[in-house]
Structures are given as C-alpha cells and as structure tokens.
Amino acid sequence: MKHQIMSQVESAFANNQDFKSQSSRIPYILVDNFPDLGLLTSLRFLEWASENPEGIISLPTGKTPEYFIKWTQHILNNWDEKDVISLRIERGLDLKKKPNLSNLTFVQIDEFYPMDPQQHNSFFNYVNKFYLDEFEIPAKNALLMNCNEIPLIDNKHWGNVFPKGIIDLSLRHREPKSAIEKNQQDSIYLIDQWCNQYENKIQELGGIGFFLGGIGPDGHIAFNIRGSEHNSTTRLLETNFETQAAAATDLGGIEISKNRLVITIGLGTITYNKDAAAIIIAAGEAKASVVKQSIESKPDVKYPASVLQNMPNSRFYLTKGAAKHVTDIENKYWNEAPWDASKQQWALLRLSKKINTFGKKLTEEDLKNDPLCKTIPNLGKSTAQDIIAEIDAKVQKGIAEETNQIFYHTGPHHDDIMLGMMPHIIHLLRPPTNTHHFANMTSGFTSVTNSFVSEILKTVGGFLSEGTIQMVDYPDFFSEGFTRKWDKDVYHYLDNIARNNPDEQKRGMAHRIVRCLVTIYSIHDKADLEDRIKSVIDELDNCYDGEKNSAEIQKLKGMIREYEEELVWANYGVRVKDIHHLRLGFYTGDIFTKAPERTRDVLPILDHLKKIEPTVISLALDPEGSGPDTHYKVLQAIADAVRLWKKEKDLSQLRIWGYRNVWYRFSLDEADIIVPVTLNSMAILKSTFLNCYLSQKNASFPSYELDGPFCDLSQKIWVEQHQDLQLLLGRDYWYQNENPHLRAVHGAIYLKEMNVDEFLDSARELEETMEGNLSQER
C-alpha cells in the first residue's frame, strides 16, 4: 500500500526527525515526549477539521489522549494569542480562520457493558465531558453507546436481566437452562442487533473520516483485542487478561474487569472509509515492542493495528521511547551511535542470544562474522572477555559494602521501593554506620479496593463490640490519646506474625484503623466511632465500581497503605519515624493527574533533603509513558527539588540510584549496578509482601504481564535478568564462584547510578512542561 504524502502539520514535525526514509509498512512520526505527542495530534486534528468541517470523527478515551485534549482546548481558546499564532505557524497549521468543530459528527469508539452512562468512569460520560462539551459538538451530532438505551427483553433494565453485570456469551450458541437464561439469551441477541444497527449507521455516514486511537499492551485498538478479525464490525465481546488488567483501575479492580464485557467498533469499521485519516498514538518504552510488531509485520490478527496498512492515510505518532525497537531506529543506533561500553555490552548479549553461545566462549571470529560486532573498534582476541569483565565489575559493585551513608529511598507509591530494590536495601541496612529514610511521595489510595476497606471496618466493628480494643475506653483517648503509640500498632502486628496468630494480627491493624478514623472524622466517643464505621461501610456499599471516593475515604485508604509500608520496613529494624508519608497534592485520583507544582509538591521534598542531607537518593526511574504517570510526575518533583537544593549546597558527591520494578525494566547495558538476588531474598520478598501489603495480596490492580501479586512479577523479572547474565558470564561463574553469596544467586536487580547533573539532564524540567504553560494562561 502506497501511503499519501504527509499533511503540512505532519511534515513540520517529520522535518525535525534525524532521518527521512522509513522501512515500516505504516508511516510514523517521532516526537520527544508525551506532551509533544498531544501537540502533534491536536494540530493534525484541527488541520483535518478545517478541511472537513462536516466530517465524521472518532476519538479515544482514557489517559492516552490527555495532552491531545489539553492542547486542543488551549489552542482553540487562545487562537489569536501571539504565542499560539507563532506555535501554529511554526508547526504547519497556518489557517486564516479558527476551525469550527460544531458541525462534526462524533462516533463513540467503545464502552464497557453493562455500564451506567452517568458514572464518571463510563466512556459515554467521558465523551460528553471532554469532547462534546469541550469541543462544542452538539449532542445531536453524536452517535453514542448509551447502555441504558440499548433495548433488552421486555424493555427491562440491564441490572434486572444480568445480575451483578455478568453476561454469559455462551448463550449465543447453547440452549438456555432456565427462564432467567432464556431472557438473557434473548437480550444478548437484542444487543447484537443493536450493534449491527450501530455499524449500519456508521456506514450510512460514509464511515469514519478521522480515527484517533491508542494501542493496548496486547496491540488492541479500540477493544479489538489480539486475534480480532480484520473485517470485524461493531460487536459485544469478552476481552483478554492484558486488556482487563489495563481496565482494572477504571472499574475498581480486576475482579470487576474480568467479568465486564465491552462493545466496540470493529477493525472493519475503522477501515471502512479507505481514505480516512487513521492515527495511532503511543508513548513510552513499554509500548515499543507492540509498536514494532504493528507497523512492521504483514497484516496479522495477532497485531490488530496492522490492519491499518491498507489505508493510505494511516499513521503512527510515537514518542522516541515508543519507537525504540522500530527497525529504522535500531539501525540508526547501530550505524551511528558511538561504540561506548553500553553499546558493546548490548551487542555481545545480542550475539550470544543469536548464536546461542555463552558470552565467555565467543571467539574473535564469532564477533567478526557478526554484522554488528565486527564494527566494534579495536576488535581483537580479548574483546569479548573485556566486555564481560565490565559486566562482572557491575556485579561486584552490587555486592560491595556501603558504609557511612545516608540513604533517602523514595517511591511514587507504597511498595515501589520494595519491588524495585528490596534485596539491595536489606544488604545496605546491615552496616550500623548507615542511616536509612523511606519517603512515599503519594498516598496511593487508588490501589485499595472498596471491598477491602469494608471488610476491615466490619472486623474493627466486631472487635469493638467484643470489647477487645481497650484503648477506646481510656478517658483521654478521643481527645489526645489516639495520637500516641502509633508505632505500637506496627509491632503488635509483627509480633503476631511471629506467633502465627492471624486474629491478633487483625486486632493490631484494627488499632491503627481506629486511630485513622478518629483522626479523619474528629470522632468524640465510642458510640460516635461505631456509628461512623457503619456510615462508612454504607457509603462504600453504595458506591458503583470504580467511583471516586470522598476525600475522607481517600485519606483512610491512603493511611492504610502508609501503615502497610511501616510494617514492611519495621521487619528490618527501620524506625517508624524514619518512614515518611508526603502525600503530594498532585495525586488526586482524577483521570488526568495534575502536574507537580513547586509550592505544593516540590518544596516538601526539598525540606526533607535539607533536613536529612542524604548521600544517596534512590528513586523510580521509569521513562515517561511507561507505567503509571504518577511515577514520572514524582520523578519531575524530585528532580526539581534536587535542582533547587543544588543552588544552596555542593552536591558533587551526591549519588542518584534509579530503579525500575514491575512497570518497566532496564536492559543489562543500561545498568551501572547489578545486584545479585538469592532464593532467600526472593522468599523474603514474597513473605513480606503478602504479610504486610494486605490490600495488595489479591492483586486487584495487576500488571498486564502477570495475573498475580506484584511480588511474583518482580521475582519473574529478576530471574529473567539473571538468565541474561548467565548467558554472558556462564553458569559456572555463579555456582563455582569463590564468593558464597554469588553461588546462591538466581536473580538480578539492575540499577542506574548517576551524579546530580546526569540525573537532572534525564528529567524534563517542570517549567518546560505543557501544564506549566497552560497554568500561566488560565
């Protein structure tokens, strides 16, 4: 398929790329970061709308289009402002008249089914709020998926036909076993008929003229999951685990998303209008593999987006991270990047995998016969061994003793530090000359389910009725007593882990929950406490799945996570007072997370740095667009705090350790420190995680990579990383090593070590983010 020449906007962005020719089957355009991705998409959309003022559009929901929406609002609202005029002209949108979006027709892409359209987490609500209202598109111009208006048997509401929202699609093909199933079967057929009519309406409009979509971890576009037929139409279907995991946050947990079906337009729907502008946007290195497969493979049902190869105006808009594995990008790296140590290590690992040979057994001839390794400068007999020696040095650095250090371990959420580098921290805790502080930057309330809180509160109510929480009977407890001995709750719990007494563990946690409730709700006596527990349970029971909680329940959930974090590190002798909960204000639970602000979010970190004066700061170093956006925004806030601290103090000796955990991982060549992990460390990780992170042990918000708790995924990653090391260093490097610690190793953690300047260079400055520019305009 020959693709059309790029538009003026696309050309303006493409001209900034380092190379012109592309070998992919679908053209792509690269940008530096997530906000720039939104800018490109917004300008292209406005360009298309100006040329097609009565066109048919279909735009995505979720977090992916955040910057597309923000930029579109900003440009339209400030169309005649000098900076916006300059921006438009520079980026190829040189229009004399502002586009009028009111005559466009909007087609909703997909929706969970069943779903009350009034819920904030319904895509129907999203479309109305962020597109129809913000873009001033009349409702009469919209073809929407309102679940309440999809007819069912006898005009019943879906809640009466499908109890708990569970639909058995096998009823399409089997005999119903009861009157209830017969009603459900007839209703499924009616839904299928509605989907058919929805498809017909789109075709009567001439098909979608401008399609914008994200791409899921399995490669899905819309809800066309891996394996979807390329001629598929609008339909009701089940999703796969990867998609369910991605939807868990929206729906209140994997327990809900596993049982929730979806209605989606099909791949055939998207491609019905062959002349449509069909754009897929992707940000972050976590999407790099699926992006490569989608734009380079022949059309294949394993890669749903590959269907766009048949459309001359299809494009992928990518951040550089998302394009990391595209063949053109990799070739440019191998052909032009300097042969530094990192590149040599990557090349050697690549060759070892290619010819299935241990790195230490690679010969000079092997390297010379490889099209990449043969270009290593000064290639000789010792080249492979020299590279392996560099990797061994990283391992030695990972087991070296650190003394007289002050560590400031930071995590975007509770459990990030543990999942990223717990075995190393346990090693570092042993020297008595080291000091450790743990700082959780957000309250992490979104990862605690309503059902978990409800069950805990019922347990607390039971203890109160039995009279086994004696502290509430102390005369000053509700005035000031509740503020004392919070650390006692920690040791009560841990003592009873040692005693294998689960009832007393629950009572220890109940003590902490009572203190939290008194703090949050200003409770005055025991009766008031019991009433409050009942009212909170009622509030939770009346929430819909995925509903945003009240500020009080958000705080309660966050305090539960804080207690869990204290349990974790108290296991290893860390004082509760050295575990800090910053609760940065940008974290609100809204669909679009706020940008960090200096006064609200940066200065509290700066105050910590000045007070603690760490010699080592550890932090989550996930690339932008990979994993929760909270990770990258916390990184921004820490970077700005370090930048401010640098103005006051010589930080030339400060070291920054970047870790990654379950959301993304370093490659071996990127790591500066390789921490060996023993089976004992893996067992400790799992035991501590499941005993202390009680709200997380059921994995209600899992990674798409593993249906289970995060501790199991961390172990899986560490083992896979160790396998690469085994391939390069040889198995005997480990089991015959003189160091008994290395003989016991079966996993590896990769860390990135930086000085302050290197760290600041890697983090985008807050002042240059799009959010900062927008806040100045408002």
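Owing to the predicted nature of the structure, the values given are computational and were not obtained by experimental measurement. (Residues numbered from 1 in each chain as written. Predicted model: local features only at pLDDT ≥ 70, side-chain atom pairs only at ≥ 80, totals over all residues. Heavy atoms only, no water.)

S.K.: Teacher, can you tell me more about the overall build of the protein here?
M.R.: Looking only at helices and strands, the protein features 29 helices and 17 strands. Here the C-alpha atoms of the protein give a radius of gyration of 28 Å, agreeing with the 28 Å that 2.2 N^0.38 yields for 778 residues. In terms of overall dimensions, the protein has a C-alpha envelope of 80 × 75 × 60 Å along the principal axes. Per-residue burial over the protein gives 58% buried out of 778 residues. A separation of at least 24 residues holds for 79% of the contacts in the protein among residues at least 6 apart in sequence. With an accessible surface of roughly 32300 Å², the protein has 46% of that area assigned to carbon and sulfur atoms. Counting 86 positive and 108 negative side-chain charges, the protein places the centres of these two groups 2 Å from one another. (Helix = DSSP H or I, 4+ residues; strand = E, 2+ residues; numbered from the N terminus. Rg over C-alpha atoms; globule rule 2.2 N^0.38 Å. Buried < 20%, exposed > 50% of the residue type's maximum accessible area, 1.4 Å probe, protein only. Contact = heavy atoms within 4.5 Å. Areas by Shrake-Rupley, 256 points an atom, 1.4 Å probe, with all protein chains shown as cover. Lys, Arg positive; Asp, Glu negative; His and termini not counted. Charge placed at Lys NZ, Arg CZ, Asp CG, Glu CD.)

S.K.: Help me understand the sheet that holds strand β14 (residues 616–620) in this model?
M.R.: Where strands meet in a sheet, backbone hydrogen bonds hold them as pairs that are either parallel or antiparallel. Strand order across the open sheet formed by 7 strands is β13-β12-β11-β14-β15-β17-β16, with mixed pairing between neighbours. Taken across any chain shown, the strands that pair with only one partner, and hence form the sheet edges, are β13 (579–581) and β16 (673–678). Pairwise comparison of adjacent strand axes, ignoring direction, gives a mean angle of 25 degrees for this sheet. Pairing analysis gives 3 bridges linking strand β12 (residues 435–440) to β13, with the strands arranged parallel. Each bridged residue has a counterpart across the sheet, and for F438 the counterpart in β13 is I579. Running over the sheet, helix α22 (residues 598–612) touches β11 (406–411), β12, β13 and β14 and is turned about 160 degrees from β11. Contacting β11 and β14, helix α23 (residues 629–646) runs over the sheet at an angle of about 155 degrees to β14. (Pairing = 2+ DSSP bridges. Axes fitted to C-alpha atoms, helices over the stretch in contact; angles between N-to-C directions.)

S.K.: How should the environment of P60 be read in this particular structure?
M.R.: Looking at where P60 falls in the secondary structure, it is placed in the loop between β2 (56–58) and α3 (66–77). For the pair P60 and H746, spaced 686 residues apart in sequence, the C-alpha separation works out to 43 Å. The residues contacting P60, other than those within four sequence positions of it, are P65, I109, Y126, Y131, L212, G213 and G214.

S.K.: Whenever I open this one, the pairing of strand β10 (residues 314–319) confuses me. Can you help?
M.R.: Working note: regular strand, side chains alternate between the two faces of the sheet. Judged by how many residues are buried, β10 sits mostly within the fold: 6 of 6 residues are covered. The side-chain alternation of β10 yields two buried faces, one formed by S314, F316 and L318 and the other by R315, Y317 and T319. The sheet contact formed by strand β1 (residues 28–31) and β10 spans 4 bridges and is parallel. Of the residues in β10, the one forming a bridge with V31 is T319. As judged from the 5 bridges shared by strand β9 (residues 277–282) and β10, these two strands associate in the parallel manner. Bridge pairing in β10 links I281 to Y317. Crossover connection from β9 via helix α11 (residues 288–296) to parallel β10: handedness right-handed. (Right-handed = clockwise from strand over helix to strand, strands pointing away.)

S.K.: What should I look at first to understand helix α19 (residues 502–521) in this one?
M.R.: An α-helix turns once per 3.6 residues; consequently, residues spaced three or four apart project the same way. For α19, spanning 20 residues, the distance from its first C-alpha to its last is 28 Å, which sits close to the expected 28 Å at 1.5 Å a residue. Most of α19 is tucked away, with 15 of its 20 residues classed as buried. Just beyond α19, the residue with positive phi is S522, at close to 50 degrees. (Expected span 1.5 Å × (residues − 1).)

S.K.: Looking at this structure, I do not really get the packing of helix α17 (residues 450–466) against helix α21 (residues 551–570). What am I missing?
M.R.: For any two helices packed against each other, the geometry is given by the interaxial angle and the distance between the axes. Two numbers describe how α17 lies on α21: the axes approach to 11 Å, and their chain directions differ by 80 degrees. On the basis of the axis angle, α17 is roughly perpendicular to α21. Here α17 contributes N450, F452, V453 and I456 to the contact with α21, which in turn contributes L556, K557, I560 and E564. Residue composition of the contact of α17 with α21, by class: 5 nonpolar, 1 polar and 2 charged. (Parallel < 35°, antiparallel > 145°, perpendicular 65-115°, else oblique. Nonpolar A, V, L, I, M, F, W, Y, C, P; charged D, E, K, R; others polar.)

S.K.: Can you walk me through the sheet that holds β9 in this structure?
M.R.: Ordered in space as β1-β10-β9-β6-β2-β3-β5, the 7 strands form an open sheet in which the pairing is parallel. A strand with exactly one partner marks an edge of an open sheet, and here the two such strands are β1 and β5 (142–143). In the packing of helix α2 (residues 34–51) onto the sheet, the strands contacted are β1, β2, β6 (210–213), β9 and β10, and the crossing angle to β10 comes to about 155 degrees.

S.K.: Whenever I open this one, the pairing of β16 confuses me. Can you help?
M.R.: Burial analysis of β16 places 6 of its 6 residues in the buried class, which makes it a mostly covered element. Alternating positions in β16 separate into two faces, I673, V675 and V677 on one and I674, P676 and T678 on the other, with burial throughout. Judged from the 6 bridges that link them, β16 and strand β17 (residues 745–754) form a sheet pairing that is antiparallel. Paired with I673 across the two strands is L751, which belongs to β17.

S.K.: What am I meant to see in the packing of aromatic side chains here?
M.R.: Each aromatic ring pair is characterised by the separation of its centres together with the angle its planes make. Tallied over the full model, the rule gives 31 aromatic pairs. Both rings, one in F123 and one in F223, keep their centres 6.2 Å apart while their planes meet at 25 degrees; by these two values the pair is stacked. A residue pair is termed long-range when its members are at least 10 positions apart, and F123 in helix α5 (residues 123–133) and F223 in the loop between β6 and β7 (235–237) qualify at 100 residues. Judged by relative accessible area, which is 8%, F123 ranks as buried. Given a relative accessible area of 6%, F223 falls into the buried group. Seen from their ring centres, F477 and F482 are 6.5 Å apart, and the 70 degrees between their planes marks the pair as edge-to-face. Here F477 matches F482 in class, with each residue buried. (Phe/Tyr/Trp six-rings, centres within 6.5 Å; stacked < 30°, edge-to-face > 60°.)

S.K.: What is the right way to look at the side chain of E565 in this model?
M.R.: For E565, the location among the structural elements is in helix α21. The buried charged residue E565 lacks any salt bridge, with R561 as its nearest oppositely charged partner at 5.8 Å. Engagement of the side chain of E565 in a polar contact is seen with the side chain of N440, the distance being 3.4 Å. Ignoring any residue separated from it by four or fewer positions in sequence, one finds E565 in contact with H414, D415, I417, N440, I579 and Y693. (Salt bridge = Lys/Arg side-chain N within 4 Å of Asp/Glu carboxyl O. Polar contact = N/O pair within 3.5 Å; in protein donor to acceptor, adjacent residues only side chain to side chain.)

S.K.: I would appreciate a short explanation of the confidence of the model for the protein in the present structure.
M.R.: Regions with low pLDDT carry predicted coordinates that are not meant to be interpreted in detail. Per-residue pLDDT for the protein has a mean of 94; in total, 97% of the residues score no lower than 70. Across residues 765–778, where pLDDT falls below 50, the model places 23 contacts with residues more than four positions away in sequence or in other chains. (pLDDT = per-residue confidence, 0-100.)

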